[in-house]
Amino acid sequence: MGAERPLVFAYYVTGHGFGHATRVVEVARHLILGGHDVHVVTGAPDYVYTTEIQSPHLFLRKYSETAVVPRDTILAVEVEWLKSIKADLVVKVFIFLSVQFDCRHKVSDVVPVACRAAADAGVRSVCVTNFSWDFIYAEYVMAAGHHHRSIVWQIAEDYSHCEFLIRLPGYCPMPAFRDAIDVPLVVRRLHKPREEVREELGIQEDVKIVILNFGGQPSGWTLKEEYLPQGWICLVCGASESLDLPPNFLKLPKDAYTPDLIAASDCMLGKIGYGTVSEALSYKIPFVFVRRDYFNEEPFLRNMLEFYQAGVEMIRRDLLTGHWRPYLEHAITLKPCYEGGINGGEVAARILQDTASGKGYASDKLSGARRLRDAIVLGYQLQRVPGRDLSIPDWYANAENELCLRTGSPTAEMNEDSFNKPLHGHDFEILHGDLLGLFDTANFLKSLSELDVVFDAVKAPEKRQMRERKAAAGLFNWEEDIFVSRAPGRLDVMGGIADYSGSLVLQMPIREACHVAVQKIHPTKQRLWKHAQARQNAEGQEPTPVLQIVSYGSELSNRGPTFDMNLSDFMDGAEPISYEKARSYFARDPSQRWAAYIAGTILVLMKELDIHFEHSISMLVSSAVPEGKGVSSSAAVEVATMSAVAAAHGLEISPRELALLCQKVENHVVGAPCGVMDQMTSACGEANKLLAMVCQPAEVLGLVDIPSHIRFWGIDSGIRHSVGGADYGSVRIGAFMGRKIIKSIASEMLTQSSANGTTSDDLEEAGVELLETEAALDYLCNLSPHRYEALYVKQFPETMLGETFLEKYVDHNDPVTVIDQKRNYGLRAATKHPVYENFRVKAFKALLTSATSDDQFTALGELMYQCHYSYSACGLGSDGTERLVQLVQEMQHSKISKSAEGTLYGAKITGGGSGGTICVVGRNCLRSSEQILQIQQRYKGATGYTPFIFEGSSPGAGKFGHLRIRRRHRNQN
C-alpha cells in the first residue's frame, strides 16, 4: 500500500470506551505499514495503541476530557496543531471534545469540531464510523424542545466539511453525509490460535468458556459459582483487583488481548457495541447481550447480530440475579453464519491513503443544514422517502419492513382487497363477541393463527422471524380459550390539557387501535419461556402464577419485546405492593419500563378492586396507535389490556370505571401526570362521534354526532410528544398553582368584607355567593372568563418560583405532580388557558349542532386557532406543529381557496402539546383531502419528514366488548 511520499494523518478518536480506539488501531496499523505518520488524538490509555503498534510513526496526543472550552478556542487550537504537523488528511471517529455550545446557555460535549477545524486549516477530512451524532442526538434534542434544535444543526454543519464517509457494517442512518463508501468489518487480528490460548489458560478443549466482556461490572455485584452451568468457566474482563471470584470465574489482566480470548471462547456475555459485535461475528462466537440504556445505535447492531444468527438477548434482571444458564445453553446451539469480509481496517487505510494523495472519491455536497432537512432531523422515525439518499442496510429487520406494517403492528395493515373479503376468525372459533366489521381485528386474529407456524430459516431465509414473533409463538396454550380486546387511540378535537382543570372536552376515537390477547391459565398448563422456567427451577418453586407479555413493534422504539414476572412480585406479604414500589420495580430496566402500562393494570385491579390473581396470565399486545404522536397510544394500551384481563377473569367493569382505573395506571404506576380524557375516549367513545365529557372527574355528557358535512383530520409533526415531559408537567403545576391563588384571593376578599362590615348590597357586583364558590374552587374551569378578567388576572404574576409559592400557599393540591422549589413556573398563561378553553369547547359543541353555513365553519376554525395559540402561550408549542398550523392557514387563505368554496378552516395542537399531532377541521369533501395531502408534501419538503395522517374513526373498547376465541383443530379447517 505504498505512496509516492510519506503522508501525515491526524486521527481523532472518542475516549468513550475502548471499542472506538481498538478499531482505530487496525486502520492506523495499516497506514503505518504503508510508511505514513499517524497522529492519534485520543483519551484512551496508551497501551490500547502501543500493544499493537510499536512504531516511531505513531504519535499519541491526549485531549482534555474535563474542561469546558468555548467552541472558538477549540477551533483555534486544533487549526494551529493541524498546521504544525502538516497534516495531509484528518480522520474522525466520533470525535468528542468538551465544547461550550452557545444555545440558550446549554452545554454540549458532543460537537464534531474536528471536521470544521480541518476545513479552516485547509486540510481534507474523512469520517470513519457506523453512526453519527446528528442521528444519535436528534431524538433527544427534539424531545427537549425546539430551542435546542441548533445543537443538531451545528453537528450536521460541521460534518458537511467532511469529504465523505467510510461507513462500517451495522451502520445507523447518517443524515448529514451524502457520500459514503462501505467497507468490511474492522476487526483486530488474532495473535494466537484457539488451542494455544486455551493451553495457556489451562482449560481443556471440552470445557465450555463464556467471556464476560462488559468493560466494567456494576458496583457491589457479586459473581457466584452457581451462575454458570455445570463445568463451565467464565473469563472476566475489566474486573477490579479487589473483586473476589469463585473458582469457575477467572480474572483477566487489564491489558489482556481480548480478540484471542473471544475467539477461544464458546460464547460471549456483554453489552452491545461495535467492537463486541464485530468480533463476535468475525470469530463466529455467539453473543449473549443485555440492552444498553438510551443507546440509539443498538437496534442496528443488534439486528445485524441476530440476522447472522449470533445473538441471544438476556433480561437485565436475570443478569444481575445470576439466572444465566438458559441463555448460555441456548447460545451454544447457535450457528453464527457471518461470511463477510473482516479486513475493513486494510480497506479503509487504502481509501484514506488515496484520498490524502489527491484521489477524489466524493461528489459535490450540500451544506449540513440542508442535508439535515433532507433527511431525518425530526427524531428516531426512520422514515424512508424514495429518491432520498438515505440508506438502510438490508439486514435491518425493521418491524415496518418485515411485517409489512405501518407501525410494527399486525393490526395496522389494510389494503384494497381487505374491503372485498368477508371477515372471519381464520383458524379460531369465536365463542363470544363480534368483529363489528373491523378489518384490523380480523388481521389481528389472522396474525394469531399464524403464530405456531414454524419457518425454516435455512430453506426460507426471507421468512426469518423477529424475536417478538418467536416469543409470541410460544406464548399461548392453544387448547385453552383466549380473550381479545380492542381499544382505539384518540384525536383531541377540543379540550386538551384543560382536562385536568375540569374542562369540557370533545374527543374522537381514531381508526388506529390496540389489540390485546389474554389467556388465563393454570400455572401447570402455561407455556413458560425457558429463562422463566429456569428461574422457577432455580428458586425451587412449584409452578406459580407468572405474567408473560409480548409487545409487537418493539424495534421501532428500541425496547425489549418481552416481559415476564411472578405475580407474587406484586405482593408485600398479604397485601399488594404500594404504587411507589411498583414504579421503582418497573424503572429498574429502562428497556422494559414499557411493561408498567400493561402489567400495571393488574396491580391496579388488585389494589382498587381487591382482585386476587391465582392463575398465570399470558398476554400479546399489538398496537397500531403510533407512539409519541399525541394520539393516546398509552391509553389505548391500558384500556385494551384491562378490558382483556377483566374479560378473562369474568369481571364486570363499566367503561367509565375502567377508564378511571386505567388513569390510575398511568398516574401512579407509570408516573405520568395525565388527565382522564384519553382513557375515557378509548373506553367510552363511538365511531364517527365526539365524546363530550366534563372532566370533574369524568362526567360523560353524551356523544356528539359529527355532521356529515364536517370532517376532522390529524397530522403528525414527527416531533415526539410525551405527557411525562417537563413542559406538560410544569404547565399543569402552573394551573394548579393558579387555582390555589384564586381561592386564596377570593377568601381574602370575603374576609375583608366581613371585617369591614360590608353588606351584601355593597357586594352586589361581585356577589358573596360567587366569592364563596371561588374560595372553594374545585376545578379551575368552573371559573368563568369574565370573573377571571374582572377580579383575578391583575393580581397574578406572570411567573412564580416554586419555593416562593410553597412558602405562601404550602401546597398546590395536585396529587400527581411535585413542585420543584428551584423552578420558575409560568402562572398567568397556565391559569388562563383552561378558563378560556372550557368556554371555547362549549361554544364549539354548540356550533356543531347549528345550521350549516360558512359562518359555522369559520367560527369552528377560529376557536381551534385560539386554542392553538393559547397552548403556545403556555410554552407547549413546537416548531413542527407551528409549521403545520401555518400551512393550514396558508391553504385556507390562498387565492384558490378564496376563489372557490373554502375547504379547510382551522387547526390546533392536540393533547399535551410540545410536539405530536395537530387536529384540522374542514369540509367533508374530496378537495379537503387533497389539500391535506398537499400540506403533507409541503411539510416533507420543508423538513424531510413525511407526516402520518390520521383520518377515520372506530368504536371504543366498551362498544367493542371482547372476543372469546378458541383454536380450531387443524382437521376442522
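The structure we're discussing is the one just above.
These numbers were taken from a predicted model, which means no experiment stands behind them.

Cut-offs applied
- Residues numbered from 1 in each chain as written.
- Predicted model: local features only at pLDDT ≥ 70, side-chain atom pairs only at ≥ 80, totals over all residues.
- Heavy atoms only, no water.
- Helix = DSSP H or I, 4+ residues; strand = E, 2+ residues; numbered from the N terminus.
- Buried < 20%, exposed > 50% of the residue type's maximum accessible area, 1.4 Å probe, protein only.
- Contact = heavy atoms within 4.5 Å.
- Areas by Shrake-Rupley, 256 points an atom, 1.4 Å probe, with all protein chains shown as cover.
- Axes fitted to C-alpha atoms, helices over the stretch in contact; angles between N-to-C directions.
- Parallel < 35°, antiparallel > 145°, perpendicular 65-115°, else oblique.
- Left-handed = near helix turned anticlockwise from the far one by under 90°.
- Nonpolar A, V, L, I, M, F, W, Y, C, P; charged D, E, K, R; others polar.
- Expected span 1.5 Å × (residues − 1).
- Salt bridge = Lys/Arg side-chain N within 4 Å of Asp/Glu carboxyl O.
- Phe/Tyr/Trp six-rings, centres within 6.5 Å; stacked < 30°, edge-to-face > 60°.
- Lys NZ or Arg CZ within 6 Å of the ring centre and 35° of its normal.
- Polar contact = N/O pair within 3.5 Å; in protein donor to acceptor, adjacent residues only side chain to side chain.
- Pairing = 2+ DSSP bridges.
- Core = buried A, V, L, I, M, F, W, Y, C linked by side-chain atoms within 4.5 Å.

Draft legend 1. Spatial organisation of the overall build of the protein. In terms of regular secondary structure, the protein is built from 33 helices and 33 strands. Expressed as a percentage of the 973 residues in the protein, the buried residues total 59%. Taking as baseline every contact in the protein between residues at least 6 positions apart, the subset at least 24 positions apart corresponds to 73%. Surface summary for the protein: the accessible area is close to 38,500 Å², and the carbon and sulfur share equals 49%.

Draft legend 2. Layout of the packing of helix H21 (residues 633-648) against helix H22 (residues 655-670). Following both chains from N to C, one finds H21 and H22 inclined at 120°, their axes separated by 9 Å at the closest point. Put simply, H21 runs oblique to H22. In the crossing of H21 with H22, the sense of the turn from one axis to the other is right-handed. On the side of H21, the interface is formed by Ser634, Ala635, Glu638, Val639, Met642 and Ser643, while H22 contributes Leu658, Leu661, Cys662, Val665 and Glu666. Tallied by class, the residues present in the contact of H21 with H22 amount to 7 nonpolar, 2 polar and 2 charged.

Draft legend 3. Region of interest: H21. The terminal C-alpha atoms of H21 lie 23 Å apart, and with 16 residues this matches the ideal 22 Å at 1.5 Å per residue to within 8%. Counted residue by residue, H21 has 16 buried out of 16 residues, so it is predominantly covered. Directly beyond the C-terminal end of H21, a positive phi value near 65° is found at Gly650.

Draft legend 4. Just the pattern of salt bridges, in detail. Evaluation of the coordinates by the stated rule reveals 40 salt bridges. Here Arg167 ties to Asp182 by a salt bridge, and the two come within 2.7 Å at their closest N and O atoms. In this pair, Arg167 is assigned in strand S9 (residues 164-167) and Asp182 in strand S10 (residues 180-182), connecting sequence segments 15 residues apart. For Arg167, a relative accessible area of 12% puts it in the buried group. Close ionic contact of Arg486 with Asp440 constitutes a salt bridge, the shortest N to O distance being 3.0 Å. Residue Arg486 is located in strand S18 (residues 482-494), and its partner Asp440 is located in helix H16 (residues 439-449); the two are separated by 46 residues in the primary sequence. The burial state of Arg486 is the same as that of Asp440; both residues are buried. One network of salt bridges, with partners in common, ties together Arg194, Arg198, Glu205 and Asp266.

Draft legend 5. Up close: the packing of helix H20 (residues 595-609) against H21. Look at H20 against H21: their axes get within 9 Å of each other, and the N-to-C directions meet at 50°. Of the possible angle classes, the one that applies to H20 and H21 is oblique. For the crossing formed where H20 meets H21, the hand is right-handed. For the pair H20 and H21, contact is made by Tyr597, Ile598, Thr601, Val604 and Leu605 and by Ser634, Val637, Glu638, Thr641, Met642 and Val645, respectively. Looking at the contact of H20 with H21, its residues break down into 7 nonpolar, 3 polar and 1 charged.

Draft legend 6. Fine view of the packing of aromatic side chains. Going through the model one piece at a time under the given rule, you end up with 19 aromatic pairs. With centroids separated by 5.3 Å and ring planes inclined at 85°, the aromatic side chains of Tyr585 and Phe586 adopt a geometry described as edge-to-face. There is no split in this pair, since Tyr585 and Phe586 are both buried. Ring geometry for Phe805 versus Tyr809: centroids 5.0 Å apart, planes at 35°, classification tilted. With Phe805 and Tyr809 both in helix H27 (residues 802-809), this residue pair falls 4 residues apart, about one helical turn. Accessibility assignment for this pair places Phe805 and Tyr809 in one class, buried. Taken together, the ring pairs in this structure connect Phe563, Phe570, Tyr585 and Phe586 into an aromatic cluster. Of note, Arg588 hangs over the ring of Tyr585, and the distance from its end group to the ring centre comes to 4.3 Å.

Draft legend 7. Up close: the side chain of Asn667. With respect to the secondary-structure elements, Asn667 resides in helix H22. By relative accessible area, Asn667 is classed as buried at 11%. Within polar-contact distance, the side chain of Asn667 engages the backbone oxygen of Ala672 at 2.8 Å. With residues up to four places along the chain from it excluded, the contact list for Asn667 reads Ala672, Pro673, Cys674 and Val816.

Draft legend 8. Region of interest: the sheet that holds strand S31 (residues 917-923). In space, the 4 strands of this open sheet follow the order S30-S31-S27-S32, with antiparallel pairing throughout. Looking at the sheet topology across the chains shown, the edges are occupied by strand S30 (904-909) and strand S32 (949-950). In the packing of helix H30 (residues 879-892) onto the sheet, the strands contacted are strand S27 (710-716), S30 and S31, and the crossing angle to S30 comes to about 170°.

Draft legend 9. Representation of the nonpolar core. If you look at the biggest cluster of nonpolar residues, it comprises 123 residues, and the most contacted ones within it are Met619, Phe712 and Phe844. It is helix H24 (residues 726-755) that provides the largest number of residues to this core, a total of 11 residues. Residue contacts for Phe712: discarding those within four places in its chain leaves Leu491, Val493, Met508, Leu690, Ile706, Phe844, Leu848, Cys919, Val920 and Val921. Counting 65 residues, the second largest nonpolar core, distinct from the first, contains Ile32, Val186, Ile203 and Ala264.

Draft legend 10. Seen up close, the pairing of strand S11 (residues 209-213). Of all 5 residues making up S11, 5 are buried, and the element is well covered by its neighbours. Residues of S11 alternate between two faces, with Ile209, Ile211 and Asn213 on one and Val210 and Leu212 on the opposite face, all of them buried. Sheet analysis places S11 next to strand S12 (residues 233-236), joined by 4 bridges and oriented parallel. Paired with Val210 across the two strands is Cys234, which belongs to S12. Both S11 and strand S14 (residues 267-271) contribute to a ladder of 4 bridges, which runs parallel. Bridge assignment links Ile211 to a residue of S14, and that residue is Met268.

Draft legend 11. Spatial organisation of the side chain of Lys629. Position of Lys629 relative to the elements: it lies in the loop between strand S24 (616-623) and H21. Reaching out from Lys629, the side chain makes a polar contact with the side chain of Asp716 at a distance of 2.7 Å. A polar side-chain atom of Lys629 sits 3.1 Å from a polar atom in the side chain of Tyr945.

Draft legend 12. Region of the structure containing the sheet that holds S11. Strand order across the open sheet formed by 6 strands is S13-S12-S11-S14-S15-S16, with parallel pairing between neighbours. Of all strands in the sheet, those bounded by a partner on one side alone are strand S13 (249-251) and strand S16 (311-313). Adjacent strand axes in the sheet meet at a mean angle of 25°, parallel and antiparallel pairs treated alike.

Draft legend 13. View of the environment of Ala331. Counting through the fold element by element, Ala331 comes out in helix H12 (residues 325-331). Expressed as a C-alpha distance, the spacing of Ala331 and Phe287, which sit 44 residues apart in the sequence, is 7.1 Å. In this structure Ala331 touches Cys267, Pro286, Val288 and Val312, once residues within four positions along its chain are discounted.

Draft legend 14. Representation of unusual backbone geometry. The omega angle of the peptide bond from Gln696 to Pro697 is 0°, so this bond is cis rather than trans. Within the element layout of this structure, Pro697 appears in the loop between strand S25 (689-694) and strand S26 (699-705). A positive phi angle, close to 55°, is found at Lys86, a residue other than glycine. Here Lys86 is to be found in the loop between helix H3 (71-84) and strand S5 (89-93). The class of Lys86 is exposed, set by a relative accessible area of 66%. Of note in the backbone geometry, Asn688 takes a positive phi value of approximately 60° without being a glycine.

Draft legend 15. Summary view of the environment of Ile598. Its location among the elements puts Ile598 in helix H20. Judged by its relative accessible area of 2%, Ile598 falls in the buried class. Taking the C-alpha atoms as reference points, Ile598 and Val639, 41 residues apart in sequence, are found 9.2 Å from one another. If we skip the residues at most four places from it in the chain, Ile598 touches Ile549, Met619, Val621, Val637 and Thr641.

In short, geometric facts, not functional conclusions.
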